[in-house]
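A structural walkthrough
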Amino acid sequence: MGGTERVTIGMRVVEESYDIVVCGGGLAGFSAAVAAARHGAQVCLVQDRPVFGGNSSSEIRVPPQGAASFHAYARETGIISELLIEERARNHESPIFDNGYINSVWDMVMYEMAMATPGLTFRLNSTVTDVVLSDERTVEAVIARVSHAETELHLSGITFIDCTGDGIVAALAGCKWRYGTEGRDEFGEPHAPEKASDAVMGSSIHIKAKNVGHPIPFTAPEWAVRYDDPDFFWKRGRGVNPYSGFWWMELSMPWHTIHDNETLRHELTRHVLGVWDYIKNRDPVLQEEAQNYALDWIGQVPGKRESRRIIGEYLMTEHDPLGKTVFPDEVAYGGWFIDLHEPGGLLAEYSEKTAVEEDNNQTYMAKSYVGPFGIPLRILIAKDMNNLMMAGRNVSVTHAALGTVRVMGTTAVMGQAAGTAAAIALKRGIQVREVPDSSSIHEVQQALLRDGCFLPNRGNGDPDDLARKATVRASSEATLAPVGPAPRGNLSNAQNDALTATRGQWIAVGADRLDSLAVCMNNDSGTVQFVEARVYAVDHLWDYRLHPDEPLAATLLTIPVGVEQWVEWRINLSVVAIRGSYVRLDLLANPHVSWVSASSIEPGHVSAYEIGEEKMRKLGHGVMMSLKVQPPQACYEAGNVLSGVTRPYRYTNLWRSDPSQNLPQWLELSWEEQVEVGVIELTFPGHLIRGYMQYPALYKDPQCPKDITLEAIADGQWVELATLRGNYQRRRVITLETAIITNRLRVVIHATNGDPSAAIYEIRCYPLPKPKRSGKDEE
């Protein structure tokens, strides 16, 4: 937008005006800026580093994680999904060793998206130094200093979004904020300590090591911290390896994570070099393995976990994720556990409570396991301010609640929500603080869903979506196929399959009956064993209640001595009343037998195991147990694409073609009357079941359709509307040059990225958007 510049003594001053100014270019700020620009706002993104991404950038190298680390099919979608799918398809390096393996490919994927977004201007290497208020409730402008450029930016706007992490914009604007840990007496939070304090989670720097193929010595400098005690690492939740950085490499107390940031950087460097010295020269387990590894990279920008938390229109406490509060202004979701690192980090007795728990005793994890849960817009709006929002780790939460919402997958979807809400408020001519209590909140929620996001308590209710008025059919439909055991010989898998605790397998109900269930079992005890089996009706894939209600059926299975033998339960159960939902088959604990994990995963079918506190937890990185169901369950019907949900949740919500029938396969919409279609929006499967780190280099999800044609009936004949070739993205929007009037439309999938079945989660159809008028849009 318009701008002027003038020269003062040694300093150039540039004045610019925008609709929305986003401060902070981490994943929250980046997503906010892109979302706002995509919804028509003129946006400036101000970032104090030379690259986007914040803690995920190549400067700090923390891989983006979120709900999928703890819940199958809970991966964050929307802008963050577009970015991560693109990065995996391009990047030659895998992030499988956790911190330290992010590289500049990720930086460039973000940079390219910023460059390709109309209406988005960005100012890198620009640090916010001051805020101008027009009155005590309204921000008029932010002032930023451009590093090494002797330039000061005066950026005015209608709405401002503080995604700086430290909440500097809100603090300079006079907003109230919190720093430290609330005492238990304030909100009664189970994870809060007895007394309040200034304790916060620490900042980290990371390393990356490289195997050079021959021994490489390492001598630590004299000023490095010396480590000698193996128990400090192996018995106190600080597992080490010779490959990469470690999440527990952190410090906070007695330093302040804002004011002492430079001191923390130096102290962390001392400790990092000391840890590497220990790995190379003294660790009894790793010293030999590490001899060919050289320290290849050491981060010098501390990645912060916690500092200021700005008070918003609502203060989220840990009671909200624990109780899964349903908010009327839900705009995002989280699913990381309540992960509260010990204050002091490396100076503390141990790193974090769950890290020192044994696998067979997860008491603390059971108390901390939450989600997926909804997040309200009100925690993204600064209290008593007209035009100031925030997204990221500086949102309106307590210290305990921050433990779950602080991870970058969650902050990214909060950022997209903030940017979307700001842009819609601008269109409606209202202040952002009015959105949660107005009809605009429904518009924001529907816009987020249309843009590919997921909300646990909202589905597609867009009245403009023509597909919702159509009927659907397909060339073929898959059923739930029998899934046999994974290849034998993997000892770790065999150990994990042992029924040391109750294990559950979700089953989508796509028929009126369950006549027979069969499981593949091992029994090497030398004697016949017995296992109690139960079937429960469950609300959704993340219904982890150990006893959801009275079981629909129960029996005692006899397990003969032997390996990989199918044990059948003739259940003869009518499930008419719950068709189109899930049941869960639970096998109760018997450590003398194992339920063999499956060789593959049927979409929407995952498993979990008991962890205590009457609760279950996702098994592994998303695993299905071996299973046979009779009759075949028709759970991948064409009509699922109109469910309003674009992932497995309360049902599979997926159309999948019969894998025994060759491609191409098609899905068809038909209307009783002619409709005018100009925009077709498709959501495909892939990149949902597991977290980002579980996907290898140059990965394109096999389930995702690769070559697609859109066809429609015109003048009694099928005509081709558009073609996609080489696709690997989950969501694609096809805008036709000229709208077509039709009563039948087909999506033809000619090839996938490897899967034998064509599959689609959702199809939406809209008229062509009306041309924009010059000047301000009409209401």
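Here, every reference points to the structure presented above.
The following refers to the structure shown. (Residues numbered from 1 in each chain as written. Predicted model: local features only at pLDDT ≥ 70, side-chain atom pairs only at ≥ 80, totals over all residues. Heavy atoms only, no water.)

1. Here's the deal with the packing of aromatic side chains
Under the counting rule described, the total for this entry stands at 24 aromatic pairs. Between Tyr-227 and Phe-232, the ring centres sit 5.1 Å apart and the planes meet at 35°, which makes this aromatic pair tilted. Just as Tyr-227 is buried, Phe-232 falls in that class too. Each ring, one from Trp-506 and one from Tyr-544, has its centre 6.4 Å from the other, and the planes form 80°; the classification is edge-to-face. Here the residue Trp-506 occupies a position in strand E21 (residues 503–508), and Tyr-544 occupies one in the loop between strand E24 (529–538) and strand E25 (553–559), the gap between them amounting to 38 residues. Of the two residues, Trp-506 and Tyr-544, neither departs from the other in class, the shared state being buried. Members of the aromatic cluster, joined through ring pairs, are Phe-70, Trp-336, Phe-337, Tyr-369, Trp-506 and Tyr-544. The positively charged end of Lys-208 is found above the aromatic ring belonging to Tyr-101, 4.9 Å away from the centroid. The cationic tip of Arg-584 hangs over the ring face of Trp-506; the distance from NZ or CZ to the ring centre is 5.5 Å. (Phe/Tyr/Trp six-rings, centres within 6.5 Å; stacked < 30°, edge-to-face > 60°. Buried < 20%, exposed > 50% of the residue type's maximum accessible area, 1.4 Å probe, protein only. Helix = DSSP H or I, 4+ residues; strand = E, 2+ residues; numbered from the N terminus. Lys NZ or Arg CZ within 6 Å of the ring centre and 35° of its normal.)

2. Some details on the environment of Glu-342
The topology assignment puts Glu-342 in the loop between strand E16 (330–334) and helix H9 (363–368). If sequence neighbours within four positions are ignored, Glu-342 has contacts with Ala-348, Tyr-350, Ser-351, Glu-352 and Lys-353. At a separation of 3.3 Å, a polar atom in the side chain of Glu-342 contacts the side chain of Lys-353. (Contact = heavy atoms within 4.5 Å. Polar contact = N/O pair within 3.5 Å; in protein donor to acceptor, adjacent residues only side chain to side chain.)

3. Some details on the pattern of salt bridges
In the structure shown here, the tally under the stated rule is 44 salt bridges. Close ionic contact of Arg-282 with Asp-277 constitutes a salt bridge, the shortest N to O distance being 2.6 Å. Here Arg-744 and Glu-668 are joined by a salt bridge, their closest N and O atoms 2.9 Å apart. Of this pair, Arg-744 sits in strand E37 (residues 731–752) while Glu-668 sits in strand E34 (residues 665–683); the two residues are 76 residues apart in sequence, bridging distant segments of the chain. Here the salt bridges share partners, and the residues they tie into one network are Arg-178, Glu-182, Glu-186, Glu-306 and Arg-309. (Salt bridge = Lys/Arg side-chain N within 4 Å of Asp/Glu carboxyl O.)

These figures come from the coordinates and say nothing about function on their own.
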